[in-house]
Amino acid sequence: MESITADNLIKLLMTLKDIDISVPLRTEGRTTEHCERWSICRFLASVAHTGLIQYPCEVTHEDKPDFVLKHRAQTCGIEVTEVVPENAAAIDALREHREIDGPFFHQKHFLSDPKLKGRKLLAKALSNEPEDGWAGDAVEKDWVDAIQTSIQAKINNAGKDGFRTFQKNWLLMYDGLHLPKVNGEEAAKLLCASMNSETYELFEYIFIESSSSIWIFSSDNYAAVEINDLW
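Notes on the structure in this doc start here. Everything numeric in this text was worked out from a predicted model, so none of it was measured. (Residues numbered from 1 in each chain as written. Predicted model: local features only at pLDDT ≥ 70, side-chain atom pairs only at ≥ 80, totals over all residues. Heavy atoms only, no water.)

1. Examining the pattern of salt bridges
- Here the structure, examined in full by the defined rule, presents seven salt bridges.
- With a shortest N-O distance of 3.7 Å, Lys115 and Glu86 are connected by a salt bridge. One end of the pair, Lys115, is in the loop between helix H3 (86-98) and helix H4 (118-126); the other, Glu86, is in helix H3, and 29 residues separate them in sequence.
- With relative accessibility at 53%, the residue Lys115 sits in the exposed group.
- Glu86 gets classed as partly exposed once you look at its relative accessible area, which sits at 46%. (Salt bridge = Lys/Arg side-chain N within 4 Å of Asp/Glu carboxyl O. Helix = DSSP H or I, 4+ residues; strand = E, 2+ residues; numbered from the N terminus. Buried < 20%, exposed > 50% of the residue type's maximum accessible area, 1.4 Å probe, protein only.)

2. Observations concerning the layout of surface pockets
- Roughly 530 Å³ of internal volume is contained in the largest pocket.
- Around the largest pocket, the lining is made up of 21 residues, and of these Cys35, Thr81, Glu82, Val83 and Val84 lie nearest the centre.
- Every element with two or more residues in the lining of the largest pocket is listed here: helix H2 (32-47), strand E4 (74-83) and helix H5 (138-158).
- Top contributing element to the lining of the largest pocket by residue count: H2, with five residues.
- Grouping the constituent residues of the lining of the largest pocket by class yields nine nonpolar, seven polar and five charged.
- The space that makes up the second largest pocket amounts to roughly 280 Å³.
- Lining the second largest pocket are 13 residues, with Trp143, Asp175, Val182, Ser210 and Ser211 sitting closest to its centre.
- For the lining of the second largest pocket, the residue count by class is eight nonpolar, four polar and one charged. (1 Å grid on protein atoms, 1.4 Å probe; cavity = no way out; pocket = protein on both sides within 12 Å on 5 of 7 lines; lining within 4 Å. Points joined across faces, edges and corners; volume = space filled by probe spheres on them. Nonpolar A, V, L, I, M, F, W, Y, C, P; charged D, E, K, R; others polar.)

3. What about the sheet that holds strand E8 (residues 221-226)?
- Within the open sheet, the eight strands sit side by side as E1-E2-E3-E4-E5-E6-E7-E8. Their pairing is mixed. Single-partner strands in this sheet number two, and they are strand E1 (4-6) and E8. Mean inter-strand twist for the sheet, computed between neighbouring axes without regard to direction, equals 20 degrees.
- Relative to E4, strand E3 (residues 67-71) runs antiparallel, the two sharing five bridges. Note on E4: the bridge partner recorded for Val68 is Gly77.
- Running over the sheet, H2 touches E1, strand E2 (57-61), E3, E4, strand E5 (168-175), strand E6 (205-209), strand E7 (213-218) and E8 and is turned about 110 degrees from E5.
- Across the sheet, helix H6 (residues 184-194) is in contact with E6, E7 and E8; its angle to E7 comes to roughly 20 degrees. (Pairing = 2+ DSSP bridges. Axes fitted to C-alpha atoms, helices over the stretch in contact; angles between N-to-C directions. Contact = heavy atoms within 4.5 Å.)

4. Thoughts on H6
- Those residues of H6 that fall on the buried side of the exposure criterion are Ala187, Ala188 and Leu191. Projected down its long axis, H6 shows its buried positions confined to an angular sector of 100 degrees, all on one face. For H6, the exposed residues set more than 90 degrees away from the buried face come down to Lys189 and Ala193.
- Against H5, E6, E7 and E8 lie the buried residues of H6.
- Measuring from the side-chain oxygen of the N-cap residue of H6 to the backbone nitrogen of Glu185 gives 3.3 Å; that N-cap residue is Asn183. (Arc of directions from axis to C-beta. Polar contact = N/O pair within 3.5 Å; in protein donor to acceptor, adjacent residues only side chain to side chain.)

This is the structure we're talking about:
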């Protein structure tokens, strides 16, 4: 992905609109770069007007962290990750590959689940039996648990050799969790209450990209901005 440069808000939006952010199916050549480009471009388009980004700015695609944002006199590292249970992604890919048509009942998958392989994976992909549902705020609590697990994993990885930190460091998360309809406001409230100052020792902001909004979490507040879909 080529660097993104812009002198002002309008120029940034125009530049972003010309970028191909399409993401192939998992079985049709999807790569990490496709997903990272999708996330960073939608993120930039959505927060371009919020004051988080100063102009002129330049965003380069790198590694550990995935992007580096230079704006005004600051340099900010942006790490991008997709929050998705491994088994859920594998089942999606298998259904695509074998053209197993739905619709399907929601299945419960967690980041900590043992990896499904072979016949067990196929059986789960073919299954359309209803499972025990979610009661009360169980969906939101499962969402919070998965997000917290992913945040901690990124904090742990950032302590390893090769990961560069900058004046500011942000974490951009794509919500790929296979959950029934999540009450975004309730989930955000629970997540904010569950985090403490240690969560933000590395990442100044944590952004969570959902289907229609990006949630912005900092040490003292949280808010949502609507995704600006230029494409």
